[in-house]
Amino acid sequence: MKALLIIDVQNDFCPGGALPVPEGDQVVPVINGILDRFDLVVATRDWHPEQTVHFEKWPVHCVRNTPGAAFHPDLDISKVDKIVSKGTGNKDDGYSAFETEELDLAAWLREQGVDEVYVCGLATEYCVKASALDAVRHGFRTFVITDAVRGIDVHPGDIDRAMEEMKKAGVEMVKS
Ligand SMILES: [Zn+2]
């Protein structure tokens, strides 16, 4: 059974937001176009408190219940089965969808019968990478949908290095 994991397609990560990923909004139509192919759709959201050590590294973004933390308005969340909030604590970054306080995502996915996890969203070398690596570690066959992710490339080459790291860990690369 296949699950789609949509990572952090939120206003603050799209152009015009507080921590924009270049072309971040361009993943939205791609993701909307593939939703029907999955048995289960999970969307994560960065959902930070107002103060967190995470903001020592990054501009303030995705503070819970603010417009910047809302999903991109064009993302079709009517087909999302579960929304997972991450980064909710104030002591760590919370990059991975599998690091949430509210549920054990790996156990929950297994309970639903999921054995394949497809990861898309933002940003490639942070939350997408962390989530894909955790999915592999938890024993799921894991794919990254390469045309449905975008990265920041703070240091040029970061995205390429992240792709290599994921491949080495056993993540498979596919196109939508
Ligand atoms: Zn964050």
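Provided above is the structure to which this section pertains.
For the structure given in this document, a descriptive report is provided here.

**Quick look at the pairing of strand E1 (residues 2–7)**
Of all 6 residues in E1, 5 are buried, a share of seventy percent or more. Across 6 bridges, the pairing between E1 and strand E4 (residues 116–122) is parallel. Note that in E4 the partner of alanine 3 across the bridge is valine 117. With 5 bridges joining them, E1 and strand E2 (residues 40–46) adopt parallel strand pairing. Paired with leucine 5 across the bridge in E2 is valine 42. Handedness of the crossover joining E1 and E2 through helix H1 (residues 27–34): right-handed.

**Considering the sheet that holds E2**
In spatial order, the strands read E3-E2-E1-E4-E5-E6; together these 6 strands make up an open sheet with parallel pairing. Edge positions in the sheet fall to strand E3 (82–86) and strand E6 (172–174), since each has one partner strand and no second. Strand after strand, the sheet turns through a mean of 25 degrees between neighbouring axes, direction not considered.

Reading the values: the criteria
Residues numbered from 1 in each chain as written. Predicted model: local features only at pLDDT ≥ 70, side-chain atom pairs only at ≥ 80, totals over all residues. Buried ≥ 20, exposed ≤ 12 C-beta atoms within 10 Å, placed from the backbone. Helix = DSSP H or I, 4+ residues; strand = E, 2+ residues; numbered from the N terminus. Pairing = 2+ DSSP bridges. Right-handed = clockwise from strand over helix to strand, strands pointing away. Axes fitted to C-alpha atoms, helices over the stretch in contact; angles between N-to-C directions.

On their own, these measurements won't tell you what the molecule is for.
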